[in-house]
Amino acid sequence: MVTADNLNLDVLELIFAFISGNDLVAVSSVSKSFLAGVIPCLYATVSFTAKHAKRYRPDSEGGMISPFLTLRNHPDLAVHVRHIAIHCAPFIAAGQVYPKFLSETADALKACKNLTSFVCGPRIIPSLLVSLQEKERLQDVHIYAALTTTQGEMLQQITTLRSLTLDYPTWNVVDSLTRWAPSLQRTLSHLTIFMSQEVNDILLEALLPLLPRLLGLHVIGCSKAPHTVVIKACYNTHPFENAPPPSLFCTPTITLPSLRHLAIDVRPTSDITAVTMSSLFVSLTSLSTLVLKFADRQLPIWSSVIDLIAPSDGFTMPLKRLALMDCAVSIDMVGKLSSKCKDLEMLEIPLPIKEIRAFTTAISGLKELHTLTDVGDAHASHGPRATLARNDVRYMMQECVNLRTIVSDGRMWTGRPDYVFGVMAKPQRYKANATQHWFSPLKEYSYPS
């Protein structure tokens, strides 16, 4: 007789792939066979956050140990690890990380032979560079790149990357990019450089021709590389269709018919930004993701920006994901967007909690919408901010036929059909990824291989 305990481990692994979070831990306590079947899913992703850092103490001092100590002591578990994300490091004192934590993490990284992605937000990457070597499956790296020349040379030994994100890179790292690029030209498709004073037009024009497979480029917070410099460097590498050569002193008129993801930090007082956006939006026939972040949250969203997203000529933009951050959006504007972007699947917008019924009516025409995220800031206005109630969530999910996930106020509401109540909505805690930049595409809308 077939029971849950004598099912083949491959079958159990397929079942447990649909479970996540604390449910995986609960399943591992059921029986020995369940434990054996859940281990690959349980250890596939290992993260260390601020919550863990606050409670961390070396095992000799009591307190919570790190997951990396477990991996170091049990290399048989480390082979299942595919993703490691270190969002915070435990400090003994200001600026001094526990040496034992660094040792445990370095040893665990060595044992993780099948690692595919690595994220390290704190400034501890120099201690881990040796352990990152010889990772043949490593494809995605996101690090705080404050490195010396020698450390930068060690980083260049990683040659299998498809996605590379460098936060606050020092001049040594920026200078080494042109020497690193030939080793990455067959694989790298996504490059992000965040907050660097060393990136300029000379570097970009030398670097981009060395990366022929590059599909995504983010140069953010680099004062010597404004949008005109980036567009010019891209034009010189892969000339845009029907585009005249751009100049650093005028806004280039370009067409990007193949562009899929666009993120813009909008400056409402800048006329040149409006002109640039007008030229960019003309031929975005393949755009699936649009993210707009506004410099002043107190100003209403431009009517002209909405007109660009949703032109009045009857044309429907093929957007799947739209995010409007740090701005005020009226109900009328939401209705206008809904009528023009009918294929939206994900919408990130400040929710007007006090006008939630009118807002729901405005978005009810989005038949493909399945995820709604509230990006309103509780500190944007004085006084307490109204929160989304369960009845409001149920009402929204009933009116929007495919809406099943709503994220608001640190909670993620998930809904399922119910014969009695129409929709049952269940909340759980939600915390956004601290190392995910606002301008980065989500994994499901990332660039193809």
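Residues numbered from 1 in each chain as written. Predicted model: local features only at pLDDT ≥ 70, side-chain atom pairs only at ≥ 80, totals over all residues. Heavy atoms only, no water.

**Re the sheet that holds strand 2 (residues 83-86)**
Strands pair in a sheet through their backbones, by hydrogen bonds, and they do so in one of two ways: parallel or antiparallel. With parallel pairing, the seven strands of this open sheet are ordered in space as 1-2-5-6-7-8-9. Two strands in the sheet have a free side with no partner beyond their single neighbour: strand 1 (45-48) and strand 9 (216-220). Here the average twist between neighbouring strands, direction ignored, is 5 degrees. (Pairing = 2+ DSSP bridges. Helix = DSSP H or I, 4+ residues; strand = E, 2+ residues; numbered from the N terminus. Axes fitted to C-alpha atoms, helices over the stretch in contact; angles between N-to-C directions.)

**Structural notes on a nonpolar patch on the surface**
Residues Y419, V420 and F421 make up a contiguous nonpolar surface patch of roughly 460 Å² in combined accessible area. Positionally, V420 belongs in the loop between strand 16 (411-418) and strand 17 (422-429). The class for V420 is exposed, based on a relative accessible area of 71%. (Patch = residues over 30% accessible without salt bridge, like charges linked within 9 Å, V, L, I, M, F, W, Y side chains within 5 Å. Areas by Shrake-Rupley, 256 points an atom, 1.4 Å probe, with all protein chains shown as cover. Salt bridge = Lys/Arg side-chain N within 4 Å of Asp/Glu carboxyl O. Buried < 20%, exposed > 50% of the residue type's maximum accessible area, 1.4 Å probe, protein only.)

**What to know about the confidence of the model for the chain**
Taken residue by residue, the chain gives an average pLDDT of 82. The fraction at 70 or more is 80%. Mean pLDDT values over the elements of the chain span from 57, in helix 12 (residues 271-281), up to 96, in strand 6 (residues 140-144). This model gives residues 240-252 a pLDDT under 50, and the stretch forms 26 contacts once residues within four places in sequence are excluded. Every residue in residues 445-449 is under pLDDT 50, and counting partners more than four places away or in other chains gives 18 contacts. (pLDDT = per-residue confidence, 0-100. Contact = heavy atoms within 4.5 Å.)

**Concerning a positive patch on the surface**
The grouping of K51, K54, R55, R429 and K431 at the surface amounts to a positive patch. The element that contributes the greatest number of residues to the positive patch is helix 4 (residues 50-55), accounting for three residues. Mapped onto the fold, R55 is located in helix 4. (Lys, Arg positive; Asp, Glu negative; His and termini not counted. Charge placed at Lys NZ, Arg CZ, Asp CG, Glu CD.)

**A word on the pairing of strand 6**
Residues in a regular strand point their side chains to alternate faces of the sheet. Buried residues dominate strand 6, accounting for four of its five residues. Where strand 5 (residues 117-120) meets strand 6, four bridges bridge the pair, whose relative direction is parallel. Following the sheet pairing, S117 is matched in strand 6 by D140. Sheet topology note: the strand 6/strand 7 (residues 163-167) ladder contains five bridges and is parallel. Looking at the pairing, Y144 lines up with D167 of strand 7. Between the parallel elements strand 6 and strand 7, the chain passes through helix 8 (residues 149-155) in a crossover that is right-handed. (Right-handed = clockwise from strand over helix to strand, strands pointing away.)

**Observations concerning the environment of I363**
Relative to the assigned elements, I363 resides in helix 15 (residues 356-363). Sequence separation of I363 and E399 is 36 residues, and the distance between their C-alpha atoms is 8.9 Å.

**Considering the side chain of T105**
Note on placement: T105 falls in helix 7 (residues 99-111). On the basis of relative accessible area, T105 is assigned to the buried category, the value being 1%. If sequence neighbours within four positions are ignored, T105 has contacts with F68, I86 and L128.

**Some details on the packing of helix 1 (residues 9-16) against helix 3 (residues 32-42)**
Viewed as axis vectors pointing N to C, helix 1 and helix 3 meet at an angle of 55 degrees, and their least axial separation amounts to 8 Å. Between helix 1 and helix 3, the interaxial angle falls into the category oblique. Once helix 1 is placed against helix 3, the crossing between them reads as right-handed. For the pair formed by helix 1 and helix 3, the contact residues are L9, L12, E13 and F16 on the first element and S33, F34, A36, G37, V38, P40 and C41 on the second. The class makeup of the residues in the contact of helix 1 with helix 3 is eight nonpolar, two polar and one charged. (Parallel < 35°, antiparallel > 145°, perpendicular 65-115°, else oblique. Left-handed = near helix turned anticlockwise from the far one by under 90°. Nonpolar A, V, L, I, M, F, W, Y, C, P; charged D, E, K, R; others polar.)

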